[in-house]
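Coordinates in review
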Amino acid sequence: MMITFMNNSDSEEEPCNERTSLMSAESPPVPSHQDGLQASEAGEAQTHRKRRMGSSRSPNNAADGNMSGSSVPVRESALENEEEELTLKYGAKHVIMLFVPVTLCMIVVVATIKSVRFYTEKNGQLIYTPFSEDTPSVGQRLLNSVLNTIIMISVIVVMTVFLVLLYKYRCYKFIHGWLILSSLMLLFLFTYIYLGEVLKTYNVAMDYPTLILVIWNFGAVGMICIHWKGPLQLQQAYLIMISALMALVFIKYLPEWSAWVILGAISIYDLMAVLCPKGPLRMLVETAQERNEPIFPALIYSSAMMWTVGMAKPDTAARGPSQQTWDTAEDGRENHRSPSHSDSEISETRSPVPTHPITSLEELEEEERGVKLGLGDFIFYSVLVGKAAATASGDWNTTLASFVAILIGLCLTLLLLAVFKKALPALPISITFGLVFYFSTDNLVRPFMDTLASHQLYI
Amino acid sequence: KKPPPAPGCGFAAPGAASLSQLVLSFPHRAFFWLVSLLLASLIWFVSVHLSDQEDSKLQYGLLVFGAAVSVLLQEVFRFAYFKLLKKADEGLAMISEDGRSPISLKQMAYVSGLSFGIISGVFSVINILADSIGPGIVGIHGDSPYYFITSAFLTMALVFLHTFWGVIFFDACEKRRYWCLGLVVASHLVTSGLTFLNPWYEASLVPIYIITVCMGVWAFFTAGGSFRNVLKCLSCKGLAGGREGCVPRGVPVGSVASVWASLGLPWVFGWDGCSRWGSQRSRDGGDDGSGP
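What counts, and where the lines are drawn
Residues numbered from 1 in each chain as written. Chains lettered and ligands numbered in written order. Predicted model: local features only at pLDDT ≥ 70, side-chain atom pairs only at ≥ 80, totals over all residues. Heavy atoms only, no water. UniProt positions renumbered as here; feature names shortened; annotations may be inferred. Helix = DSSP H or I, 4+ residues; strand = E, 2+ residues; numbered from the N terminus. Contact = heavy atoms within 4.5 Å. Buried area = accessible area lost by both parts, 1.4 Å probe. Polar contact = N/O pair within 3.5 Å; in protein donor to acceptor, adjacent residues only side chain to side chain. Nonpolar A, V, L, I, M, F, W, Y, C, P; charged D, E, K, R; others polar. Axes fitted to C-alpha atoms, helices over the stretch in contact; angles between N-to-C directions. Parallel < 35°, antiparallel > 145°, perpendicular 65-115°, else oblique. Left-handed = near helix turned anticlockwise from the far one by under 90°. Buried < 20%, exposed > 50% of the residue type's maximum accessible area, 1.4 Å probe, protein only. Patch = residues over 30% accessible without salt bridge, like charges linked within 9 Å, V, L, I, M, F, W, Y side chains within 5 Å. Areas by Shrake-Rupley, 256 points an atom, 1.4 Å probe, with all protein chains shown as cover. Salt bridge = Lys/Arg side-chain N within 4 Å of Asp/Glu carboxyl O. Phe/Tyr/Trp six-rings, centres within 6.5 Å; stacked < 30°, edge-to-face > 60°. Lys NZ or Arg CZ within 6 Å of the ring centre and 35° of its normal.

Thoughts on the UniProt feature "transmembrane region" (unreviewed entry) in chain B
All names here are of chain B. The residues that UniProt annotates with the feature "transmembrane region" (unreviewed entry) are residues 30-46, 58-77, 108-126, 146-171, 178-200 and 206-227. Its end C-alpha atoms 24 Å apart, residues 30-46 is made of 100% helix and 0% strand. Across residues 108-126, the secondary structure splits into 100% helix and 0% strand, with the terminal C-alpha atoms separated by 26 Å.

This is how it looks when you write it as structure tokens:
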């Protein structure tokens, strides 16, 4: 089967947080939580990482943008104009390609929150947020939520650093195993719990043999699609589903105020980890670039977009800096190939680079269009919107406002990506807008709209 | 030799293009509308808290004031969006090869109006829709039993109105016809004001629909349509001949979508729900068993 991931400039992508694995392009993140049980550290770490968004642009852009810092080819202005136009045209397509999965994930989360009561009931907390919020005074509650956030963020930082070290010392097998374990738990255990709760809500009876059959099929196909090969749409669907499941777990187990503070803190962390020179994720990228290896292709949602329109220009443009584009493209290709081989072959897949026939260059360029967004971004966007749906006193306006805010943030981030042409954190802008809109809509707009609606006034 | 494109079809270019444009630019416009709403709510909130909360007449007055401020802010933001779009348009025109931008401003006007309409309509109606699912009796406290159905019609009218206002507004800004602008803002204020007459539906719904139809006709002519085009389009029977004077697919798509969204669902829940809820309430004793 064809893997149609597009991953053009891996080196310009920052690795995602724990969600991304070194090995396969499709390892899912897997946080393993249970009602207050201690999940494996690895699983936890994965869940909390942040990802970044990389964008695969056309080869000329890639070449221009220079990811690995190789020399930018000189172009004539006509070619640049053409390229700018292509960038904008395809930039628009990229934006839509990310809107759809983000919207789908949010829809799944909001639909579940509004209908299945399980996810809004308080049933204990994760061990990573040990302080309870059931305190009488506001100050105490605030203090507890800040402490919870500090603990959570430190866990994330520790895990990221651990991952960076593992990557530095080439412990690929460990990471691969960790990811497989995580995705197993996510695809089987969490799906079982989710299905159970949905069946309970709608009062549908299901016998165990049927349940086992369904869960087994779902999980097995998911593992194959995510870790190995599968049709692109199915892979995307599974990634969306596991992001939604993870977001639901967070919404259920994070206490209210802690959730908001954590959302804020994690976007700050994301910003720093990606942009600061000593940030763990940035170090990871640099290490990967030094080794000329694909960086953490896994746990990233990638939208494939194959088109051959306007191939002529990008082609001629790409042939110039072809060596550099080739390398980065080749890295991209490797990511796609790796799932089909075992992890130990990761280093070996790099060697065939020089021996690839020229004909595959076109094929490669056809694939090199698409945008990637880390799964953690999906998860935290959905957590924000889901929390808005869960706690906004039955009001849909707040949910809608947060949704629009997140989409706008995503648009802006994509715009910045087009301007700066390097990997950027996808969380800060969207989460900031989302939080601002959530709190302002909940406190200011809601009373206004409610009063208007009670008199049936329209504005 | 290709005949020149009929001007009426600039109203809504090929349906597929405008759908993707709609999806793409919906968040931007929704964002602008939301910001305007936020500012208006802020003003209203501050004014309410600074005033005497017991005085209901004052509160009602403040509500009217808040609504008026909100309408004005919406138009201001519509203008701001127009400016933004003009800038983007110019930028695109500069970098494109033949000096023309790939997006047509008329198309943008239509999509912009529709997005404003959708977000405004959805914000107005979604809580009502959500409530219409739950058990209850409409108008049990003496309000009108036609609350849902009239809300549906009002929302539909609002969506259409925003679409038409968008087209007229952008065109007026392009051609600097400020009286058109003033008329659009005035009609928005009038529409909003008419909803204050609300339980007296004959006085509010009928004029609002008259305004909607007038705006629709005005927008049609602004976008370059004419009777000749209409006849040509009808005779083409929806041929997708690109720009050759055939049915602009975006208009039916947008209209049908908004009609269904704002009318279909509440009709189902609102109209025949009235009697159903009454009997259910008396039967169940008011307990919502397995309801979501």
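On we go.
Re the interface of chain A and chain B
Counting from both sides, the interface comprises 41 residues of chain A and, opposite them, 50 residues of chain B. Buried area between chain A and chain B, summed over both chains or domains, comes out near 3900 Å², and the portion from carbon and sulfur atoms is 73%. For the chain A face of the interface with chain B, the top three residues by lost area are Gln456(A), Tyr458(A) and Ile459(A), together amounting to 22%. Connecting chain A to chain B are eight residue pairs in polar contact (both at pLDDT 80 or more). Elements with a contribution of two residues or more to the side of chain A that touches chain B: helix H3 (77-115), helix H15 (396-420) and helix H16 (427-454) of chain A. Per-element tally for the side of chain A that touches chain B: the top contributor is H16(A), with 14 residues. Within the side of chain A that touches chain B, the residues separate by chemical class into 24 nonpolar, ten polar and seven charged.

With respect to the packing of helix H14 (residues 375-391) of chain A against H15(A)
Residues and elements named next belong to chain A. At a minimum axis distance of 8 Å, the contact between H14 and H15 shows a crossing angle of 165°. One way to sum up the angle between H14 and H15 is to call them roughly antiparallel. The interaxial crossing formed by H14 with H15 has right-handed handedness. On the side of H14, the interface is formed by Tyr381, Leu384, Val385, Ala388 and Ala389, while H15 contributes Thr399, Ser402, Phe403, Ile406 and Leu410. Counted by class, the contact of H14 with H15 contains eight nonpolar, two polar and no charged residues.

Some thoughts on the environment of Phe45(B)
With respect to the element layout, Phe45(B) can be found in helix H1 (residues 15-50). Overall, Phe45(B) belongs to the partly exposed group, its relative accessible area being 24%. Among residues more than four places away in sequence, those in contact with Phe45(B) are Asn443(A), Leu444(A) and Pro447(A).

Side note on a nonpolar patch on the surface
Residues and elements named next belong to chain A. There is a patch of nonpolar side chains on the surface, built from Val157, Val161, Leu165 and Tyr169 and spanning about 360 Å² of accessible area. Mapped onto the fold, Val157 is located in helix H4 (residues 138-168). Given a relative accessible area of 30%, Val157 falls into the partly exposed group.

Overview of the packing of aromatic side chains
Applying the stated rule across the entire model yields 28 aromatic pairs over all chains. Measuring from ring centre to ring centre gives 4.3 Å for Trp260(A) and Tyr438(A), while their planes differ by 20°; the resulting arrangement is stacked. Linking Trp260(A) in helix H8 (residues 256-275) with Tyr438(A) in helix H16, this pair joins segments that are 178 residues apart in sequence. Per residue, the accessibility class of Trp260(A) equals that of Tyr438(A), and both read buried. With a centroid separation of 6.4 Å and an interplanar angle of 70°, the aromatic rings of Phe79(B) and Phe169(B) are classed as edge-to-face. One end of the pair, Phe79(B), is in helix H2 (residues 56-95); the other, Phe169(B), is in helix H4 (residues 147-175), with 90 residues separating them in the sequence. Given the relative accessible area of 32%, Phe79(B) is considered partly exposed. Geometry around Phe118(A) places Lys252(A) over its ring, the cationic atom sitting 3.9 Å from the centre.

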